[in-house]
Amino acid sequence: MRYGALEAGGTKMVCAIGDENGNLLEQYTIPTLTPEKTMPELIRYFAERRIDALGIGAFGPVDVVPGSESFGKILHTPKVAWRDYNIVEPFVQALSVPVGLDTDVNAACLGEVMYGAAKGLTDVVYLTVGTGIGAGIYSGGRLVHGMLHPEGGHILIQRHPKDSGECICPCHTHCLEGLASGPSIEKRWGRKAIALTDCAEVWELESDYLAQGIMNLLLILSPQRIILGGGVMQQKQLFPLVRQKLAKKLNGYYDTPELRRLETYVVPAGLDGAQGIMGCLYLAQNAKLLETIE
Ligand code: ADP
Ligand code: ZN
């Protein structure tokens, strides 16, 4: 079998071909322009490679609920050209193969569960801290959708008393994404996060916010592991700080073997940036399997 994987991001589209053992055979990236410009190129790429199924991890909000009337439709995204565009249908029509779809963060979470830092676990949260903050949630052995899909980046956290920075989320006054994403760090401190490595106060604040977000997700979902990925988490000094602050905030309330070893509980992503595309590859395999069963 040849599986196609598409990580559909707001700035770039990563396409890949892989096999049923999770081997990536080739990869190709193009910028995300308008559907009119970008989709034909994507369709051509996968058509030429004669794939048996396609898996898509898409930026959201997007209808990922199988069986829903608008399954595949990108909803109220700030990327206006893609608003109300159905990203699944053109592939189904042009390629006549089953197409699996989930959000980009759920796909990344799935990639880590199947091939990476959470292999074999049934309950995992993947938090990406980048341009935005998103939480991919795998619970009880499946990706969580619910009404639409979780939006774990927008949970409310407590603002630090010394933080006079702005919450950059247009909808909330103190959500995790608005206070702790890469652009929010840049806005608060006046420089890109990567240029702030040596400023201890930046990471003190950032780790406090991340620990709050993680604590909330942990208390609700009780995951066996939490994986932190995305550009901001390249700042490796964040990991020990986040673990310390998480332990302090939990304050002994929740005692499990996993939480007694926080260095294996809150961990960096394991696939070197490939978790998203690997998750899409698995979505493709799953779509093929479902078709076979039906
Ligand atoms: P995206 O979220 O757009 O998919 P990334 O996960 O790379 O992409 O996140 C981009 C954000 O992460 C930007 O705000 C950028 O400033 C920040 N970032 C990227 N690399 C680093 C780094 N090495 N250290 C700190 N911040 C980084
Ligand atoms: Zn928000």
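The following refers to the structure shown. (Residues numbered from 1 in each chain as written. Chains lettered and ligands numbered in written order. Predicted model: local features only at pLDDT ≥ 70, side-chain atom pairs only at ≥ 80, totals over all residues. Heavy atoms only, no water.)

The next thing to look at is the sheet that holds strand 9 (residues 225–229). Taken in spatial order, the five strands of this open sheet run 8-7-6-9-10, and their pairing is mixed. This sheet does not close on itself; its edge strands, each paired only once, are strand 8 (142–143) and strand 10 (266–268). Contacts between helix 3 (residues 104–115) and the sheet are confined to strand 6 (124–129), strand 7 (133–139), strand 8 and strand 9, with strand 7 contributing the most and set at about 50° to the helix. (Pairing = 2+ DSSP bridges. Helix = DSSP H or I, 4+ residues; strand = E, 2+ residues; numbered from the N terminus. Contact = heavy atoms within 4.5 Å. Axes fitted to C-alpha atoms, helices over the stretch in contact; angles between N-to-C directions.)

Bringing the coordination of the zinc ion (ligand 2) into the picture now. Taken together, His154 (ND1), Cys169 (SG), His172 (ND1) and Cys175 (SG) make up the full set of protein donors to the zinc ion (ligand 2), lying 2.1 to 2.4 Å away. What the four donor atoms of the zinc ion (ligand 2) show is an angle range of 99 to 115° at the metal, which sorts the shape as tetrahedral. Within one chain, the residues serving as donors to the zinc ion (ligand 2) are arranged as H-x14-C-x2-H-x2-C. Of the two residues, Cys169 and Cys175, both sit in the buried class. (Donors = N, O, S within 2.8 Å, 3.2 Å for Na, K, Ca; no water. Tetrahedral: all angles 85-135°; square planar, octahedral: opposite > 155°, others 65-115°. Buried < 20%, exposed > 50% of the residue type's maximum accessible area, 1.4 Å probe, protein only.)

At a minimum axis separation of 12 Å, helix 5 (residues 182–189) and helix 6 (residues 200–221) run at an interaxial angle of 140°. Compared by their axis directions, helix 5 and helix 6 come out oblique. Read as a crossing pair, helix 5 and helix 6 show a hand that is right-handed. Between helix 5, through Ile185, Arg188 and Trp189, and helix 6, the contact on the second element is made entirely by Glu201, Val202, Trp203, Leu205, Glu206 and Tyr209. The class makeup of the residues in the contact of helix 5 with helix 6 is six nonpolar, no polar and three charged. (Parallel < 35°, antiparallel > 145°, perpendicular 65-115°, else oblique. Left-handed = near helix turned anticlockwise from the far one by under 90°. Nonpolar A, V, L, I, M, F, W, Y, C, P; charged D, E, K, R; others polar.)

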